[in-house]
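Structural features, examined
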Amino acid sequence: MVSAVFHSPLEAAPAARSGDKTKARDAGPAPSSAAHKDMMTNPPTTPAAVQPPAPVVAARAPWDASALWLAVLPPLLGLGLLALVWELVFMGTGGSIPSPRDTFAQAVQIFSDPFYSKGPNDQGVGWNVLSSLKRVAMGFGMAAVVGIPVGFMIGRFSFLSRMFNPLISLLRPVSPLAWLPIGLLVFKGANPAAIWTIFICSIWPMIINTAVGVQRVPQDYMNVARVLNLSEWKIVTKILFPAVLPYMLTGVRLAVGTAWLVIVAAEMLTGGVGIGFWVWDEWNNLNVKNIIIAIFVIGIVGLVLEFALIKLATAFTFEEVKN
Amino acid sequence: MTSLTTKYIEIQGVEQTFKTRKGPFRALQNINLTVARGEFVALIGHSGCGKSTLLNLIAGLTTPTEGSLLCANREIAGPGPERAVVFQNHSLLPWLTCFENVYLAVERVFSETETKAQLKARTDAALAMVGLSAAAQKRPGEISGGMKQRVGIARALSMEPKVLLLDEPFGALDALTRAKLQDELLQIVATTQSTVVMVTHDVDEAVLLSDRIVMMTNGPSATIGEVLKVELPRPRSRVALAEDIRYLGYRKAVIDFLYTRQGHVEKAA
């Protein structure tokens, strides 16, 4: 998951910086600063930065229908294609997979009362999603509390890095569900075991990304710290933490994504209340419409989590670091 | 005068060897140099001649393999705010405003003896000295390269260092901005009476700014080739000096050293 760092908005960082420098030497500042600015506003990898050109276009032509069209049409076509394939599958399987229309009607009915509770095994979809999110939040929160400081230590001290790297390499590829029996054994309960599984799967990206972030803090900043003779506390709060924050948030984003993937599987095995359990329960009831609805709910919640964390990460990524 | 004023920085028999995969690499050898209090010394030489290595040694960022470095009769054991460094790439922290970048330095040096209001006043004064009061609340990403370098200078000067160390401070700037900042630096140094050691590869910059130019031979095993005393009266004006015979003479001497006597090694390397 070290490679995952490269998927972050920071991707362009080293390349842009070195390119900028060589240009400054060769051609003077005017073209270099233009290139610099261009990269600043249009890094190809950040979704947030792709947005600024749109208002500019809109300002020039108050009602530019084609731009709007291009923004709305392709996603609609994509969804339409999904509905079409789904309809074909419905017809091809002779109705064992429900049609989009029936599923939609069922969804409307389910979401008209998402928070009912008729005993522990029959609760509204809202409760199921919320209890899944609660487990993810707890497992993930504990992973952050442990993983981020550990990442800092590993990044700061190469001895610790060498000490823990073999362990991390060994444990990280293990499927999170393989940890579930250990959790059940140690914690003697389904709920803590599920939280434990989330904890163990979301801790690795946070440790690794934080450690890589600390190792990549530019030497210049550390030289500033040495010349100013800053205290270790000031170094951590004023230099290390802000410099590492974007990397850390990438780790957090990956961790939340993995956690949300894993919780569904974990809940299928442990039972109780939760979206994963709900899917399994509806399978036992052979209520395929609800399974499909659950798939959409899981997808949408994952999308919202991801989007929120990307927004958070861009808010804390400063221009110099971005470039 | 006491020896302290004439030998404010004292470098004796310094040698610097780096361990590399191909074995030890001797970057500097037999460096002997003294800098007087209030003197402006430029280190000039081809790239790779170890002038930045020497500056890092004075800054205390690295320790010499052999020899000793003294500043105000004390051994230089590590980096410290009394020897402020202005780095080539400004090295401002991008998440802090210009004010906060300077304040970080001011706070470190003066927070034990002064009130918050005094610290803020010092920061404002440092930014005013480089003409950046208006940009105090901007982040480094929002200002030009020249302005960033000025904040770097303000940060260094705000600590009231005994010695100001400049590592090619204007190397990444365009010619016009560079000239403007050189003029500003001349004024600031005249006002503050700072002791300055500056690394540069710009002959005009060296002659215009310094009292002495230390010319270094090519590496590896670089050493001081020649020291040129620049006895031009201060205040110096760029425009007036452009046609000054003495100025042209100094310029010629440095160019002669760099390109005639030390030029051939570059080809071999």
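Residues numbered from 1 in each chain as written. Chains lettered and ligands numbered in written order. Predicted model: local features only at pLDDT ≥ 70, side-chain atom pairs only at ≥ 80, totals over all residues.

The next subject is the overall build of chain B. Scanning chain B from terminus to terminus reveals ten helices and ten strands. For chain B, restricting intrachain contacts to residue pairs at least 6 apart in sequence, the fraction spanning at least 24 positions comes to 71%. (Helix = DSSP H or I, 4+ residues; strand = E, 2+ residues; numbered from the N terminus. Contact = placed C-beta atoms within 7 Å.)

Our next topic: the confidence of the model for chain B. Residues and elements named next belong to chain B. The predicted model of chain B has a mean per-residue pLDDT of 87, with 96% of residues at 70 or higher. Between the elements of chain B, mean pLDDT differs from a low of 49, seen in helix α10 (residues 264–268), to a high of 93, seen in strand β3 (residues 40–44). Note on the complex model: pTM 0.70, ipTM 0.80. (pLDDT = per-residue confidence, 0-100.)

Listed as interface residues are 23 residues of chain B and, on the opposing side, 19 residues of chain A. Where the side of chain B that touches chain A is concerned, the elements lending two or more residues are β6 (83–86) and α3 (98–110) of chain B. For the side of chain B that touches chain A, the element with the most residues is α3(B), which contributes three residues. Class assignment of the residues belonging to the side of chain B that touches chain A gives a composition of 15 nonpolar, five polar and three charged. (Nonpolar A, V, L, I, M, F, W, Y, C, P; charged D, E, K, R; others polar.)

This brings us to helix α6 (residues 175–192) of chain B. All names here are of chain B. Relative to the 26 Å expected for 18 residues at 1.5 Å per residue, α6 spans 25 Å between its end C-alpha atoms, a close match to the ideal helical length. Listed as buried for α6 are Leu 181, Gln 182 and Leu 185. Within α6, the buried residues cover an arc of 110 degrees as seen down the axis, which keeps them to one side. Exposed side of α6, more than 90 degrees from the buried face: Leu 176, Gln 187 and Thr 191 are the residues found there. Tucked inside the fold, the buried residues of α6 contact α5 (145–158) and α7 (203–209). Count one or two residues on from α6 and you reach Gln 193, which has phi positive near 55 degrees. (Expected span 1.5 Å × (residues − 1). Buried ≥ 20, exposed ≤ 12 C-beta atoms within 10 Å, placed from the backbone. Arc of directions from axis to C-beta.)

As a further point, take the environment of Gly146(B). Residue and element names in this part refer to chain B. Note on placement: Gly 146 falls in helix α5. The spacing of Gly 146 and Asp 174 is 28 residues in sequence and 8.6 Å in space, taken between C-alpha atoms. Not counting residues within four places of it along the chain, the set of residues in contact with Gly 146 comprises Leu 173, Thr 177 and Leu 181.

This part covers the environment of Ala105(B). Residues and elements named next belong to chain B. Mapped onto the fold, Ala 105 is located in helix α3. Here Ala 105 falls in the buried class, since 26 other C-beta atoms lie within 10 Å of it. Linking Ala 105 and Ala 154, residues 49 residues apart in sequence, is a C-alpha distance of 9.8 Å.

It is worth spelling out the packing of helix α12 (residues 232–270) of chain A against helix α13 (residues 275–284) of chain A at this point. Residues and elements named next belong to chain A. The geometry of α12 relative to α13 is characterised by a closest axis approach of 6 Å and an angle of 55 degrees between their N-to-C directions. Comparing the axis directions of α12 and α13 gives the class oblique. Classified by chirality, the crossing of α13 by α12 is right-handed. In contact with Ile 263, Val 264, Ala 265, Ala 266, Glu 267 and Met 268 of α12, α13 contributes Ile 275, Gly 276, Phe 277, Val 279 and Trp 280. (Axes fitted to C-alpha atoms, helices over the stretch in contact; angles between N-to-C directions. Parallel < 35°, antiparallel > 145°, perpendicular 65-115°, else oblique. Left-handed = near helix turned anticlockwise from the far one by under 90°.)

Once that is clear, we can look at the pairing of strand β1 (residues 9–20) of chain B. Residue and element names in this part refer to chain B. Relative to strand β2 (residues 23–35), β1 runs antiparallel, the two sharing nine bridges. By the bridge assignment for β2, Phe 18 is matched with Phe 25. As consecutive antiparallel partners, β1 and β2 are separated by two residues. Taken together, the five bridges between β1 and strand β4 (residues 66–71) define a ladder with antiparallel strand orientation. Within the sheet, the bridge partner assigned to Glu 10 lies in β4 and is Leu 70. (Pairing = 2+ DSSP bridges.)

Here we take up the sheet that holds β4(B). Backbone-to-backbone hydrogen bonds join strands into a sheet, with any given pair of strands oriented parallel or antiparallel. With antiparallel pairing, the four strands of this open sheet are ordered in space as β2-β1-β4-β5 (chain B). Every interior strand has two partners, whereas the edge strands, β2 and β5 (74–75) of chain B, have only one.

Residues and elements named next belong to chain B. For the bond from Arg 234 to Pro 235, the omega torsion is -5 degrees, close enough to zero to count as cis. Along the chain, Pro 235 turns up in the loop between β10 (224–229) and α8 (238–241). Although it is not a glycine, Ala 72 adopts a positive phi angle of roughly 50 degrees. Positionally, Ala 72 belongs in the loop between β4 and β5. For Ala 72, a count of 16 C-beta atoms within 10 Å puts it in the partly exposed group. In this model, Asn 73 sits at a positive phi of 65 degrees, which is unusual for a non-glycine residue. A tally of 10 C-beta atoms within 10 Å means that Asn 73 is categorised as exposed.

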